[in-house]
Each structure stands twice: as structure tokens, then as C-alpha cells.
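# Inside the fold
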Amino acid sequence: MSKEAYHRPVMVREVVAQLVRREGIYVDGTLGGGGHSLAILQALRDRGFENHSFLIGIDQDSFAIEEAAKKLASFREKAALVQGNFRDVVSIVNGIRTRELDRMPVAGMLLDLGVSSFQIDTPQRGFSYLRRGPLDMRMRPQDGLSAADIVNGFEERELADIFFRFGEEHKSRRIARAICARRIERGDITDTEELAAVVRSIVRGSDQQVKSLARVFQALRIAVNDELGALEDVLRDGVGMLGPKGRMGVISYHSLEDRMVKRFFRKIATDDWGPKGVGMKEPLRRAEFRVVTGKPEIAADDEVRENPRARSAKLRVVEKKEQSGG
């Protein structure tokens, strides 16, 4: 199979322009094939920041680590690639920093959410309804429950909740009921085509079928990998690691993730009134962060023409203020 899908990172120009602004540690929490990391390292070199900067790339997929290592070979002294979940960003970064980087501040952090095109195009991973493969969907194979475990082991109400909460699928109950009936009649649903057939039996019209299939498969992937829980963790812990004027950028592809990022950034960038003591006025606590992107940046038309995946991408950026408190 061609590996070209790993060579098309989304919104590279925008990421570099927003994040690469000073020396320090840069964290690519979703390494993939290393496209964003390569662009960041090249920009650090071109802007004269290379000598006092370092990149840490994180990915759950061992194949992604291998592919990225090849792409970043010329920067091997300036980068460390770690197989892991970005929700563990604090322990991963501190583990690297204590050995090599003293107390260098975190200057930038990138999260490019969702599943990579290469993973979607690999039938054995089971991410896509377009290709027959086992119902797996684990970002890190052999870890935890697979999509098949959920589809065949969860009760009807639990399945419906997953499809509605994580996929915003309006026919979630009917699809869940059909899955359970299919299990009773013909046994376990073991591959992507079998699950897709159940969804198609409930949803009529080719356009609606495609949308529902995308939602159901998205919902299962999110549930299998606890993606929203991991995102909540890395947002909270990631901004806590930023040095003064350090920035976090997040690229999201669907509304659930984008809403989470938008609300979190807004919350941490809003001034708040502290508790009122006896005989005291409420002290105003100044926010430590500011939202850089009032509206999310989107991919340019030329990029969307060349890479359709970029059409739904939204980049939001938050920055830690140089001085906080108040």
C-alpha cells in the first residue's frame, strides 16, 4: 500500500505561522508521519532558533513512529519520538526534559486530532466502512477493547448512547436495536462490511447512508480510544506546561472536538472574580491565557483542492501570557 497519505499534513503554513515564534521545546502530540514536525523543525532552523530548541513527537501508533523517524532523520539530534498517548504529555515531556533539556520552556504544542489518512486506508485497522477489515479501530493495537468488543458486547441502550453522544446520529436507537437483533439472528458482527450492512438496512438514501455510516464509525472510534477523555486531559495538562508566550494549537475535524477546544480555550482566557472574604471586595483574577484565534483558521482553497481532508479542518490557538495574575 502507498504511504503517501502520511505525507499530507493539514494546514502546515498556518501551524508554523502560529506556533513557531521563539526558542524552546515544541511538542507534536499527534506525530503521524512527521509532516508537521518536519515543518516546525525547518522553521526553527530557518529562524535561527535551532540551537536552543528541541521537538518531542508523540504517537500511539508504532508504524507512525517508524515513518516519522525516516522523515526527520536529518534532525535526529533535535528531536525525540515517543510511542504513547498525548494524554500523558506531562510525564512524556518531563521524562525527556530531565535527561536532555534542563529547564527549557515549552514554547509550542500541536494537536492534530482524529485518525490519519493512512490508518483509514489500512483495512486491517478497521477504521473505515469503505474497506472490509476486522472491527478493531484501536489507535494502539492490542490495547483495551476493540470496536468488535463494543458492538458485540454492549447492550442496546449503551450502543445507542455511543452513537448519539459521539456521532450525533439521530437514528442511534434504531441502529443499536438492529445491531442487537443481528447478533441474535446471525451471531457476532466481526468486520466493517457487516456493520455497514446493518446501518444501511436502517438508513435510506445513499447520501443519508454515507452520513450515518461516517457518524457510527466515528462514534465507535472515539469510544474505543476514549478520544474525548484524552483530549480533555491533554488540553488541561498541556496548557499548564506552556512557558510565557508559549502557544497551543489544536486542529479538529468534527464539531464535538471543536466545541470542546473552543469552550476550554474561552474558559482559561476569561478573567474571573475570586471568593469574597469578610470585609473584602471580590478580587479579580486575571486569566493566564489569551485566545489568539477569535474564529478558527481554516485551510486555504488551494490546499482543500489538493487535499480534501483539509476541508473540515479548524485550527484554534491559545497563548500563555507573559505575566499572569492580578
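Relevant structure appears above.
Residues numbered from 1 in each chain as written. Predicted model: local features only at pLDDT ≥ 70, side-chain atom pairs only at ≥ 80, totals over all residues. Heavy atoms only, no water.

## Section: the layout of surface pockets
To be explicit about the condition: A cavity, in this analysis, means grid points on a 1 Å lattice covering only the protein atoms where a 1.4 Å probe fits yet has no way out; a pocket is instead an open set bounded by protein on both sides within 12 Å along at least five of seven lines, and a residue lines either one if it has an atom within 4 Å of a point. Grid points are joined across faces, edges and corners, and a volume is the space filled by probe spheres set on the points. Helix and strand definitions here come from DSSP, where helices need a minimum of 4 consecutive H or I residues and strands a minimum of 2 consecutive E residues; each element is numbered from the N-terminal end.
In this model, the largest pocket occupies a volume close to 970 Å³. Lining the largest pocket we find 27 residues, and of these Ile-120, Ala-214, Gln-218, Arg-221 and Ser-312 sit closest to its centre. For the lining of the largest pocket, the element with the highest residue contribution is helix α10 (residues 206-225), accounting for 7 residues. Of the voids in this model, the second largest pocket is the one considered here, and its volume is about 590 Å³. Thr-30, Asp-59, Asp-112, Gly-114 and Ser-116 are, among the 35 residues lining the second largest pocket, the residues nearest its centre. Contributions of two or more residues to the lining of the second largest pocket are made by α2 (35-46), β2 (53-59), α5 (117-120) and α11 (227-241).

## Observations regarding α2
Here is the rule we go by: To estimate how far a helix should reach, multiply one less than its number of residues by 1.5 Å. Remark: exposure states derive from per-residue accessible area (1.4 Å probe, protein chains only) relative to the maximum for the residue type, with buried under 20%, exposed over 50%, and partly exposed in between.
Between its first and last C-alpha, α2 extends 17 Å over 12 residues, near the 16 Å set by a 1.5 Å rise per residue. Burial analysis of α2 places 9 of its 12 residues in the buried class, the great majority of the element. Just beyond α2, the residue with positive phi is Gly-48, at close to 80°.

## Regarding the pairing of strand β5 (residues 242-252)
The condition that has to hold: When DSSP locates at least two bridges between a pair of strands, those strands are taken to pair.
Among the 11 residues that make up β5, 9 are buried, leaving the element largely enclosed by the rest of the structure. Here strand β4 (residues 106-112) runs beside β5; their pairing, made up of 6 bridges, is parallel. Note on β5: the bridge partner recorded for Asp-112 is Ile-251.

## Overview of the packing of helix α7 (residues 156-167) against helix α8 (residues 172-186)
To be explicit about the condition: A fitted line through C-alpha atoms represents every axis, and for helices the fit uses only the stretch in contact; the resulting angles, taken between N-to-C directions, go from 0 to 180 degrees. By definition in this entry, angles of less than 35 degrees are roughly parallel, angles greater than 145 are roughly antiparallel, angles of 65 to 115 are roughly perpendicular, and the rest are oblique. With the far helix as reference, a near helix turned anticlockwise by less than a right angle produces a left-handed crossing, and one turned clockwise produces a right-handed crossing. In what follows, a contact means two residues having at least one pair of non-hydrogen atoms within 4.5 Å.
Contact geometry of α7 with α8 gives a least axis separation of 8 Å together with a crossing angle of 140°. Relative to α8, α7 is oriented oblique. Crossing hand, α7 versus α8: right-handed. Contacts between α7 and α8 involve Glu-156, Leu-159, Ala-160, Phe-163 and Phe-164 from the first element and Ser-172, Arg-173, Ile-175, Ala-176, Arg-177, Ile-179, Cys-180 and Arg-183 from the second.

## A look at the pattern of salt bridges
The condition is simple: Think of a salt bridge as a Lys or Arg side-chain nitrogen and an Asp or Glu carboxyl oxygen that are within 4 Å of each other.
For the structure on display, the rule yields 23 salt bridges. Of the charged contacts in the structure, one is a salt bridge between Arg-125 and Asp-61, with a shortest N-O distance of 2.8 Å. On the criterion of sequence distance, the pair formed by Arg-125 in the loop between α5 and α6 (147-153) and Asp-61 in the loop between β2 and α3 (62-71) is long-range, its members being 64 residues apart. Overlapping salt bridges, with partners in common, bring together Arg-87, Asp-226, Asp-233, Arg-236 and Asp-237 in one network.

## Details of the nonpolar core
This is how it is decided: By nonpolar core we mean a set of buried residues, namely Ala, Val, Leu, Ile, Met, Phe, Trp, Tyr and Cys, connected to one another through side-chain atoms within 4.5 Å.
With 36 residues, the main nonpolar core has Leu-135, Phe-163, Ile-175, Ile-179, Leu-195 and Leu-220 as its most contacted residues. Of all the secondary-structure elements, those providing two or more residues to this core are α6, α7, α8, α9 (192-202) and α10. It is α10 that contributes the most residues to this core, 7 residues altogether. If you look at the next biggest cluster of nonpolar residues, it comprises 33 residues, including Ile-58, Ala-80, Ala-230 and Val-318.

## Section: the packing of aromatic side chains
Applied cut-off: We call Phe, Tyr and Trp rings a pair once their centres come within 6.5 Å, taking the six-membered ring for Trp, and we label the pair stacked below 30 degrees between planes, edge-to-face above 60, and tilted otherwise. We call a charge positioned above a ring when the Lys NZ or Arg CZ atom is no farther than 6 Å from the ring centre and deviates by at most 35 degrees from the ring normal.
Enumeration over the complete set of coordinates arrives at 2 aromatic pairs. Ring centres of Tyr-129 and Phe-217 lie 5.7 Å apart, and the angle between their planes is 65°; this geometry places the pair in the edge-to-face category. Of this pair, Tyr-129 sits in the loop between α5 and α6 while Phe-217 sits in helix α10, and the two are 88 residues apart along the sequence. Given a relative accessible area of 18%, Tyr-129 falls into the buried group. Residue Phe-217 is classed as buried on the basis of its relative accessible area, which comes to 3%. The interplanar angle of 55° and the centroid separation of 6.3 Å between the aromatic rings of Phe-264 and Phe-265 together place this pair among those described as tilted. The buried category is assigned to Phe-264, whose relative accessible area is 19%. One Lys or Arg, Arg-309, reaches over the ring of Tyr-253 and ends 4.5 Å from the middle of that ring.

## What about empty space enclosed by the protein?
Just so we agree on the cut-off: Only Asp, Glu, Lys and Arg are considered charged in this grouping, and only Ala, Val, Leu, Ile, Met, Phe, Trp, Tyr, Cys and Pro are considered nonpolar; every other residue, Gly among them, is considered polar.
Within this structure, the stated rule accounts for 1 cavity of 30 Å³ or more. Roughly 40 Å³ of volume is contained in the largest cavity. Taken together, Leu-41, Leu-44, Glu-50, Ser-53, Phe-54, Phe-75 and Lys-78 form the lining of the largest cavity. The set of elements that each furnish at least two residues to the lining of the largest cavity consists of α2 and β2. Considering only residue class, the lining of the largest cavity consists of 4 nonpolar, 1 polar and 2 charged.

## A look at the packing of helix α1 (residues 12-19) against α2
Helices that pack against each other are described as a pair by the angle of their axes relative to one another and the distance between those axes. Close contact between α1 and α2 brings their axes to 10 Å; oriented N to C, the two are set at 45°. Classified by the angle their axes make, α1 and α2 are oblique. Relative to α2, α1 is oriented so that their crossing is right-handed. Each of Val-12, Val-15 and Val-16 in α1 lies in contact with α2, whose residues at this interface are His-36, Ala-39, Ile-40 and Ala-43. Residues belonging to the contact of α1 with α2 are distributed by class as follows: 6 nonpolar, 1 polar and no charged.

## Some points on the side chain of Asn-307
Turning to its location among the elements, Asn-307 is positioned in the loop between α13 (301-306) and β10 (314-320). Judged by its relative accessible area of 10%, Asn-307 falls in the buried class. Setting aside anything within four residues of it in sequence, one finds Asn-307 in contact with Arg-8 and Val-10.

Nothing here speaks to function; it is all geometry.
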